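Read off the chains here:
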Amino acid sequence: MVTDAALAQYTYADGFMIVAPERAQLIDALRTHADGSSLAHSAAFRALLPQDGNENYSAVVYQNLKPVLSPLLSQFSGETADTLRKLASDSRPTVICAWGQDNRIEAATDSRLFGFDFLTLGAILDTRNKSAAQHVTN
């Protein structure tokens, strides 16, 4: 069963939730899973997983912007094209894995996006949110 959402299509297969922006991409993902050529079988993808010994993640977020950004270059010129070219050249595939604990969600990644460590950035933002909340309550 494929379900329509406002901005995405999704379905469940073999215990996984699969989400895509369009139905055709969702069907392609299901075919890829069925023929055994999915990310789970990719050595390059597996190398991106955190080296924490955990393989039972509740969520895995993967992105690879380079194949998406590169074709866009022909659609733009000038400063916009230069910016996209820079993003594409700096882009590396990234993975973030998360799992639930009794009272929190933990995440791990060995990836960086444009030089940012996701978990450090998250900790900084969390500290700012706590600081802002203290100012509001005081």
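Refer to the structure above for everything that follows.
What counts and how
- Residues numbered from 1 in each chain as written.
- Predicted model: local features only at pLDDT ≥ 70, side-chain atom pairs only at ≥ 80, totals over all residues.
- Heavy atoms only, no water.
- Phe/Tyr/Trp six-rings, centres within 6.5 Å; stacked < 30°, edge-to-face > 60°.
- Buried < 20%, exposed > 50% of the residue type's maximum accessible area, 1.4 Å probe, protein only.
- Helix = DSSP H or I, 4+ residues; strand = E, 2+ residues; numbered from the N terminus.
- 1 Å grid on protein atoms, 1.4 Å probe; cavity = no way out; pocket = protein on both sides within 12 Å on 5 of 7 lines; lining within 4 Å.
- Points joined across faces, edges and corners; volume = space filled by probe spheres on them.
- Nonpolar A, V, L, I, M, F, W, Y, C, P; charged D, E, K, R; others polar.
- Pairing = 2+ DSSP bridges.
- Core = buried A, V, L, I, M, F, W, Y, C linked by side-chain atoms within 4.5 Å.
- Contact = heavy atoms within 4.5 Å.

(A) Expanded view of the packing of aromatic side chains. Within the structure shown, the criterion is met by three aromatic pairs. For the pair Tyr10 and Tyr12, a centre-to-centre distance of 6.3 Å together with 85 degrees between the ring planes defines the contact as edge-to-face. Taking the relative accessible area as the measure of exposure, Tyr10 reaches 24% and is therefore partly exposed. Residue Tyr12 is classed as exposed on the basis of its relative accessible area, which comes to 57%. Seen from their ring centres, Tyr57 and Trp99 are 5.5 Å apart, and the 45 degrees between their planes marks the pair as tilted. In this pair, Tyr57 is assigned in the loop between helix 2 (43–48) and strand 4 (59–63) and Trp99 in strand 5 (residues 94–100), connecting sequence segments 42 residues apart. Tyr57 sits in the buried class, given a relative accessible area of 18%. With a relative accessible area of 12%, Trp99 lands in the buried category.

(B) Spotlight on the layout of surface pockets. Volume-wise, the largest pocket comes out at about 1,400 Å³. Taken together, the elements giving at least two residues each to the lining of the largest pocket come down to strand 3 (16–20), helix 1 (23–35), helix 2 and strand 4. Here the residues of the lining of the largest pocket are counted per class, giving 19 nonpolar, nine polar and two charged.

(C) Looking closely at unusual backbone geometry. For Asp14, which is not a glycine, the phi torsion comes out positive at approximately 50 degrees. Structurally, the position occupied by Asp14 is in the loop between strand 2 (9–13) and strand 3. The class for Asp14 is exposed, based on a relative accessible area of 62%.

(D) Spatial organisation of the pairing of strand 6 (residues 105–108). Here strand 5 runs beside strand 6; their pairing, made up of four bridges, is antiparallel. Of the residues in strand 6, the one forming a bridge with Ala98 is Ala107. Here strand 5 hands over to strand 6 after four residues, the two strands then running antiparallel side by side.

(E) Inspection of the environment of Ser70 at higher detail. Checked against the element boundaries, Ser70 lands in helix 3 (residues 66–72). Between the C-alpha atoms of Ser70 and Arg85, which are 15 residues apart in sequence, the distance is 7.2 Å.

(F) Up close: the nonpolar core. Counting residues in hydrophobic clusters, the biggest one holds eight residues: Phe45, Leu48, Leu49, Tyr57, Val95, Cys97, Trp99 and Ala108. For this core, the secondary structure elements donating two or more residues are helix 2 and strand 5. The biggest single contributor to this core is strand 5, with three residues. Here Phe45 is in contact with Leu39, Ala40, Val60, Tyr62 and Val95, once residues within four sequence places are set aside.

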